[in-house]
Structures are given as structure tokens and as C-alpha cells.
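# A structural walkthrough
The primary structure of each chain is shown beneath.
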Amino acid sequence: MINLLKKLIESLIRNIGGAIGVKIRYVYYKSQFKACGSHVVIEEGVFFENLKSISLGSHVWIDKHTILIAGAFKPNSRKYYHKGNLHIKWGELVISDGVHIAPFSVIQSHGGVKIGMNVTIASGSKIYSLSHHYKNLNNTEDQKRYSFSTMAKEEDQFMIVGNVVIGDFAAVGLNSVILPGAQVPEGTWIGTMSTITGNE
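Here we summarise the structure given alongside this text. Being a predicted model, the structure only gives us computed values, none of them experimental.

## Section: the layout of surface pockets
Roughly 240 Å³ of volume is contained in the largest pocket. Surrounding the largest pocket, Asn3, Lys6, Lys7, Glu10, Gln32, Phe48, Glu49, Asn50, Leu51, Lys52 and Ser53 form its lining. When residues of the lining of the largest pocket are traced back to their parent elements, those giving at least two are helix H1 (2-13) and strand E3 (47-49). Of all the elements, H1 adds the most residues to the lining of the largest pocket, at four residues. Here the lining of the largest pocket is composed, by residue class, of two nonpolar, four polar and five charged. Roughly 170 Å³ of internal volume is contained in the second largest pocket. Here the lining of the second largest pocket gets three residues from one element, more than from any other, and that element is strand E14 (residues 130-133). By residue class, the composition of the lining of the second largest pocket is four nonpolar, five polar and one charged.

Written out as C-alpha cells, the structure reads:
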């Protein structure tokens, strides 16, 4: 019942415009996040999932119609491959001080995402720490063709999961895609419409 009430409140405050909307959203969400600093701006149309797994620093700007999805990946009967190093727990989304998440961006942190200080994620960019793969990366003898759908039976899915870490003073250009296990070093600028995959 409490969760339903919270969802109702969020739907009511999500699209309130102007300074009053920004203030209302900050007051509400500050108490719902795992952690939240000061001077946080949450614009209209921003959607959050699993607030208790999201930590925000100070002077953070979450711009219009951004989607932030947290909460740990639960394999159940799905096969999966872990890519990269584990820096933060699966499901955690950590956004440091001075970060701007520009409009229409998506950040999915089922495998854990950390964004360093003074970073902008430019408009239309996508960060995914969990995704599907068409084959079993753990067993070359497995010739099964796996499905690219979360609605498929779990035994028909193979997943890639891995932390995405973006270093301090980095930048992610317009309409770029960052995939599971990717590490963007401190000070690195990712060009417009780039795709960054995780290295072993």
C-alpha cells in the first residue's frame, strides 16, 4: 500500500513545471533516495525506478524526460556472463557532484553504474549495465540461439552484466551508447554517437 501511495505521489509531481515543480520534487525525492546532496535539480518528466538504490551528490541536474533505473539484476534461471571488474554493487546508481544528465537520457544500473564528478551525459545517451546476448559466452559448445527479450522464458535468455564506471571530468557525447563492463577513464571525452563496450 505504501509503495502504491509513493507511485501516486510521484505521478502527481512528475510534470509540475517551473521553480515550484523543481522544489517539490527535490523535497520529496531527497528523502526517498539512498543518499542525496544539496542543490539537486530534477526537471519535469524524470522517471526513477528503485529510489533506494540511487545516490546523488550535490549540484546535480537531472534534465527533462530522463529515465534512471536502479535495482540489482536477479538471474533466477537465466544464464549470464559477468564482464569487467566489480567497483560497486549490482543495482547501485551513484551520481557524483557536479553531474548533468541531459534530456532524454536513459541510465540502467542493474549491473551497477557510477558517474564521476563534473560529468555531463549528453542528450539522448544510453548507459546499460545489463543486456542480452544471442549466445552463451561461458560455454562455446552451447549452440543454442538465445532470445533478445525480457519477456522470453528465462531459460531462453543469456545476459551480460557488468559495472559501468565513468571517471571524473569525463563526458559522454550526444546519442552515445555505453554498454555493460565499460570503463571511461578520468578526463576522457566520448564523441557524439559513439558506442563503448566493456573490455576484459
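## A short note on the packing of aromatic side chains
Counted according to the given criterion, the structure contains eight aromatic pairs. With centroids separated by 5.7 Å and ring planes inclined at 45°, the aromatic side chains of Phe73 and Trp90 adopt a geometry described as tilted. Of this pair, Phe73 sits in the loop between strand E6 (67-69) and strand E7 (79-82) while Trp90 is found in the loop between E7 and strand E8 (93-95), placing the two residues 17 residues apart along the sequence. The exposure class assigned to Phe73 is buried, which follows from its relative accessible area of 6%. Of the residues examined, Trp90 reaches a relative accessible area of 23% and is grouped as partly exposed. An aromatic cluster of three or more residues is present, and its members are Tyr28, Tyr29, Phe33 and Phe48.

Procedures and definitions
Residues numbered from 1 in each chain as written. Predicted model: local features only at pLDDT ≥ 70, side-chain atom pairs only at ≥ 80, totals over all residues. Heavy atoms only, no water. 1 Å grid on protein atoms, 1.4 Å probe; cavity = no way out; pocket = protein on both sides within 12 Å on 5 of 7 lines; lining within 4 Å. Points joined across faces, edges and corners; volume = space filled by probe spheres on them. Helix = DSSP H or I, 4+ residues; strand = E, 2+ residues; numbered from the N terminus. Nonpolar A, V, L, I, M, F, W, Y, C, P; charged D, E, K, R; others polar. Phe/Tyr/Trp six-rings, centres within 6.5 Å; stacked < 30°, edge-to-face > 60°. Buried < 20%, exposed > 50% of the residue type's maximum accessible area, 1.4 Å probe, protein only.

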